[in-house]
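Single-letter residue listing:
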Protein chains: 2
Amino acid sequence: MKIVVDAFGGDNAPLEIIEGAVIALERNPSLEIILCGDEKKINEILAGRGAGRVEISHAPDVILNTEHPTEAIRKKKDSSMVRAFDILKERDDVIGLVSAGSTGAVLTGAIMKIGRIKGISRPALAPILPTKLDSDVIIIDSGANVDCKPVNLLHFALMGSAYYSIRYNVEAPRVALLNNGVEEGKGNELVKEVFPLLKSAPINFIGNREGSDFMSGQVDVMVADGFAGNALLKGTEGAAATILSLLKKSIKSHFSSKIGYLFMRKTFKELRSRIDVQSKHAGSPLLGCKKLVVKNHGNCKRMNIAASIQQTIQLHENKLNERIEQAISKLTSEGQGE
Amino acid sequence: MKIVVDAFGGDNAPLEIIEGAVIALERNPSLEIILCGDEKKINEILAGRGAGRVEISHAPDVILNTEHPTEAIRKKKDSSMVRAFDILKERDDVIGLVSAGSTGAVLTGAIMKIGRIKGISRPALAPILPTKLDSDVIIIDSGANVDCKPVNLLHFALMGSAYYSIRYNVEAPRVALLNNGVEEGKGNELVKEVFPLLKSAPINFIGNREGSDFMSGQVDVMVADGFAGNALLKGTEGAAATILSLLKKSIKSHFSSKIGYLFMRKTFKELRSRIDVQSKHAGSPLLGCKKLVVKNHGNCKRMNIAASIQQTIQLHENKLNERIEQAISKLTSEGQGE
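Residues numbered from 1 in each chain as written. Chains lettered and ligands numbered in written order. Predicted model: local features only at pLDDT ≥ 70, side-chain atom pairs only at ≥ 80, totals over all residues. Heavy atoms only, no water.

Draft legend 1. Quick peek at the overall build of chain A. The helix and strand tally for chain A stands at 12 helices and 12 strands. Since a compact globule built from 338 residues should have a radius of gyration of about 20 Å, the 21 Å found for chain A is in line with a globular shape. In chain A, buried positions account for 59% of the 338 residues. Pairs at least 24 residues apart make up 71% of the contacts formed inside chain A by residues separated by at least 6 positions. For chain A, the computed accessible surface area is about 13600 Å², with 50% contributed by carbon and sulfur atoms. (Helix = DSSP H or I, 4+ residues; strand = E, 2+ residues; numbered from the N terminus. Rg over C-alpha atoms; globule rule 2.2 N^0.38 Å. Buried < 20%, exposed > 50% of the residue type's maximum accessible area, 1.4 Å probe, protein only. Contact = heavy atoms within 4.5 Å. Areas by Shrake-Rupley, 256 points an atom, 1.4 Å probe, with all protein chains shown as cover.)

Draft legend 2. Region of the structure containing the relation of the copies chain B and chain A. Rotating chain B by 180 degrees and moving it 0.0 Å along the rotation axis overlays it on chain A with an RMSD of 0.0 Å. Both chain copies can therefore be described as sitting about a two-fold axis. No C-alpha of chain B lies nearer the rotation axis than that of Gly260(B), which sits 2.0 Å from it. Mapped onto chain A, 100% of the interface residues of chain B are again interface residues, and the two copies thus contact each other with one and the same surface. (Least-squares fit on C-alpha atoms with pLDDT ≥ 70 in both.)

Draft legend 3. Expanded view of the interface of chain B and chain A. Between chain B and chain A, the contact holds 55 residues from the first and 55 residues from the second. Considering only the side of chain B, the residues that lose the most area to chain A are Lys132(B), Phe227(B) and Ile243(B), jointly responsible for 14% of the buried surface there. Taken together, chain B and chain A are joined by two salt bridges. Across the pair Glu210(B) and Lys234(A) runs a salt bridge whose closest N-O atoms are separated by 2.1 Å. At the junction of chain B and chain A, the tally comes to 16 residue pairs in polar contact (both at pLDDT 80 or more). Going through the elements one at a time, helix H7 (189-199), helix H8 (226-253), helix H9 (255-263) and helix H10 (265-275) of chain B are the ones with two or more residues in the side of chain B that touches chain A. When residues in the side of chain B that touches chain A are grouped by element, the largest group, 21 residues, is from H8(B). Here the residues of the side of chain B that touches chain A sort into 23 nonpolar, 21 polar and 11 charged. (Buried area = accessible area lost by both parts, 1.4 Å probe. Salt bridge = Lys/Arg side-chain N within 4 Å of Asp/Glu carboxyl O. Polar contact = N/O pair within 3.5 Å; in protein donor to acceptor, adjacent residues only side chain to side chain. Nonpolar A, V, L, I, M, F, W, Y, C, P; charged D, E, K, R; others polar.)

Draft legend 4. Seen up close, the sheet that holds strand E11 (residues 284-287) of chain B. All names here are of chain B. Spatial strand order, E3-E2-E1-E4-E12-E11-E5: seven strands in an open sheet with mixed pairing. The sheet is open, and its two borders are formed by strand E3 (54-58) and strand E5 (124-125), each paired with just one other strand. As paired elements, strand E1 (residues 2-6) and strand E2 (residues 32-37) share five bridges and run parallel to each other. The residue bridging Val5 from the neighbouring strand is Leu35, located in E2. Docked against the sheet, helix H6 (residues 150-168) engages E5 and E11, running at close to 140 degrees with respect to E11. (Pairing = 2+ DSSP bridges. Axes fitted to C-alpha atoms, helices over the stretch in contact; angles between N-to-C directions.)

Draft legend 5. Main features of the state of the cysteines. Under the defined criterion, the tally for this structure stands at zero disulfides over all chains. Left without a disulfide partner, Cys148(A) is nearest to the cysteine sulfur of Cys289(A), which lies 16 Å away. The buried category is assigned to Cys148(A), whose relative accessible area is 16%. Take Cys36(B): it sits in no disulfide, and the sulfur closest to it among the cysteines is that of Cys300(B), at 16 Å. Under the relative-accessibility criterion, Cys36(B) is labelled buried at 0%. (Disulfide = S-S within 2.5 Å.)

Draft legend 6. Region of interest: the packing of helix H1 (residues 15-27) of chain A against helix H11 (residues 302-317) of chain A. All names here are of chain A. Direction vectors running N to C along H1 and H11 enclose 45 degrees, while the axes themselves pass 7 Å from each other. Judged by the angle between their axes, H1 and H11 are oblique. Between H1 and H11 the crossing geometry is right-handed. Every residue of H11 that contacts H1 at Leu15, Glu16, Ile17, Glu19, Gly20, Ala21, Ile23, Ala24 and Arg27 is listed here: Arg302, Met303, Ile305, Ala306, Ile309 and Gln310. Per-class residue counts for the contact of H1 with H11 are nine nonpolar, two polar and four charged. (Parallel < 35°, antiparallel > 145°, perpendicular 65-115°, else oblique. Left-handed = near helix turned anticlockwise from the far one by under 90°.)

Draft legend 7. Quick peek at a nonpolar patch on the surface. Together, Leu262(A), Phe263(A), Leu262(B) and Phe263(B) line one region of the surface with nonpolar side chains, adding up to about 360 Å² of accessible area. When contributions to the nonpolar patch are tallied by element, the ones reaching two or more residues are helix H9 (255-263) of chain A together with H9 of chain B. Its place among the elements puts Leu262(B) in helix H9. (Patch = residues over 30% accessible without salt bridge, like charges linked within 9 Å, V, L, I, M, F, W, Y side chains within 5 Å.)

Draft legend 8. Region of the structure containing the packing of aromatic side chains. Under the defined criterion, the tally for this structure stands at six aromatic pairs over all chains. Look at Tyr164(A) and Tyr168(A): their rings are 4.5 Å apart centre to centre, the planes differ by 35 degrees, and that puts the pair in the tilted class. Of this pair, Tyr164(A) and Tyr168(A) both sit in helix H6 (residues 150-168), four residues apart, roughly one helical turn. Seen from their ring centres, Phe195(B) and Phe205(B) are 5.3 Å apart, and the 75 degrees between their planes marks the pair as edge-to-face. Separated by 10 residues along the polypeptide, Phe195(B) in helix H7 and Phe205(B) in strand E9 (residues 204-209) bring together distant segments of the chain. On the basis of relative accessible area, Phe195(B) is assigned to the buried category, the value being 9%. (Phe/Tyr/Trp six-rings, centres within 6.5 Å; stacked < 30°, edge-to-face > 60°.)

Draft legend 9. Structural context of the sheet that holds strand E6 (residues 128-130) of chain B. Residue and element names in this part refer to chain B. Taken in spatial order, the five strands line up as E6-E7-E10-E8-E9 in an open sheet, and their pairing is mixed. Strands at the two margins of the open sheet, each flanked by one partner only, are E6 and E9. Within the sheet, the average angular offset between the axes of one strand and its neighbour, ignoring direction, is 30 degrees. Here three bridges tie E6 to strand E7 (residues 136-140), and the two strands are oriented antiparallel to one another.

Draft legend 10. Quick look at the pairing of strand E4 (residues 94-99) of chain B. Residues and elements named next belong to chain B. Counted residue by residue, E4 has six buried out of six residues, so it is predominantly covered. In this sheet, E4 lies alongside E1 in parallel orientation, the contact comprising four bridges. Within E4, the residue paired with Val5 across the bridge is Val98. One ladder, built from four bridges, connects E4 with strand E12 (residues 292-295); its direction is parallel. Its bridge partner lying in E12, Val98 is registered against Val294.

Draft legend 11. A positive patch on the surface, seen in detail. Residues and elements named next belong to chain A. Taken together, Lys248, Lys252, Lys258 and Arg272 make up a surface patch of like positive charges. Here Lys248 is to be found in helix H8 (residues 226-253). Residue class for Lys248 comes out exposed when judged on its relative accessible area of 54%. (Lys, Arg positive; Asp, Glu negative; His and termini not counted. Charge placed at Lys NZ, Arg CZ, Asp CG, Glu CD.)

Draft legend 12. Quick look at the pattern of salt bridges. Residues and elements named next belong to chain A. A full pass over the atoms with the stated rule returns 28 salt bridges over all chains. A salt bridge links Arg302 to Glu16, with the shortest nitrogen-to-oxygen separation between them at 3.0 Å. Here Glu16 lies in helix H1 and Arg302 lies in helix H11, a separation of 286 residues in the sequence. Residues participating in the shared-partner salt-bridge network are Lys2, Glu32, Glu55, Arg91 and Asp93.

Draft legend 13. Highlighting helix H12 (residues 320-333) of chain B. In a regular helix each residue adds 1.5 Å, so 14 residues correspond to 20 Å; H12(B) covers 20 Å between its end C-alpha atoms and thus fits that length. Taken together, the buried residues of H12(B) touch H6, E11, E12 and helix H11 (302-317) of chain B. (Expected span 1.5 Å × (residues − 1).)

Draft legend 14. Structural context of the environment of Gly187(B). Inspection of the secondary structure assignment puts Gly187(B) in the loop between strand E8 (174-178) and H7. A relative accessible area of 9% places Gly187(B) in the buried class. The spacing of Gly187(B) and Gly217(B) is 30 residues in sequence and 22 Å in space, taken between C-alpha atoms. Here Gly187(B) is in contact with Val146(A), Phe227(A), Asn179(B), Asn180(B) and Lys192(B), once residues within four sequence places are set aside.

Here it is as structure tokens:
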């Protein structure tokens, strides 16, 4: 099993990326990894680890966040990211790609070099958030597609459901449509058209849900256009940061609270680990691509990279793309494809 | 100064509504209030309080949340809400209306009975949230208008800026456009068209901001279409509830944390009062109406009603609607009106 890693994408590259790859190698004896990037620097960090199971593809260039995605993918042929995509495209033995580089460039690279699954109108990103209960929730799309047609959201729902099902080993994930009210008939023109499509799709559609239900544990897959989905995702992140910041400020300003904090350290540690998605989770796969592409947050650390590689293996072994293809062909045969 | 109150709108009506009106009367010696609803029940609760300064308009019917707004406003002429709108419309000495009834019915009633300020394409609701710093932030629109044109968002920005300016006594509130990235050129078709309109509008436009910036204290007025705005608003509410719930669960599960909680009660009280907007704030005015209409949350309590009445007085004295008219006429004279 081979996975290609863009060793120079992300704020903490190459160190954290390569260390993440090493952890994944240690955990998966049959795994092989191809690291793309400056060969000398990669070898320095590896210091002999992974010998025989790591291949290095020398690509000295790097795509920056500030670059125009399409231009960067076209022109920077010797960048770590373009090289990784070329390898994923050309080599049948490589099952997936992991990158923490520019989101725009990863999306563009995936579409230009790898292409969409037949019938999928738009690939989408589906990041994970914690809920009030013990489950997690995904939002699809979270920002890759800001202007959507109804069929796009239908495909997001199918892909999100297949992904959640594999990732959490849940047979029929509860799929909801993000709306400004729960009643049928609520919403903007887009979601009003999407509702009947989801109702008759081969998924466990539970109806409209509001943003306040997102982290309630009542929803597994929240479906939205990328603009509203991004507002919801970022809003929850901002709210979490705000509350922790207010809590910290208040603790500092009362002597008794400072004492209390000493007794509550376990709780704060627990809370932080539960809400800080970044600390342990894998990145989001770009669902709908012909081959597995996992996009990590720009400031991710080694544990995220290791988790993303692990997730790539899991999604491959559980045939994510085949399941998406089946769901789509089921739709198409019923005349709802595009 | 007279304000009309829908005494039978909201989950806690009529008790909390009437008690809120009584508090406002106590605080404002020159205030007079007209209470609409079942006269006998209102008199029972008043028990003689507010004598000489309270007028009761007997309207025994009530509009329910489940009713279709337009139909309810048309047919339930003897409902507390319709009566309140009729009084606001007909009597020049009444400066505003406060209701905690069905949002749809309040919106419909305001538009059908009172009408829009000349030049305003769509009235909008602008609820308030706390930020990480000591300031508050408003989101406009928060759900009244789910399908928007660029000019609607331009008007939201003008109205939100005028409202924030009066409510917080800030000369030039920082107005931002909700987007999925901060760079100019980001976003869906709608916000791409809105950006240049806001740039040349007579407001302090600070550019695009993401949902994660909403509660950062860096934004005073967040402008969005009602669908994305609702996702952001509800998402932050849900995230706050989730974090407090996770915190509570963790405290309960560790003995040391329970001890710590005893020392930290001040902090938790502070936090709750800061993030629980419902506990003290006024409702949101329906900005862009010819007369002041303040919509409270359905489950609001007496302090919210008192605050909403206070806010109506403040917005009237500071000539909110005149300021909105001026901003609009300034636009129209520059050819950006509609």
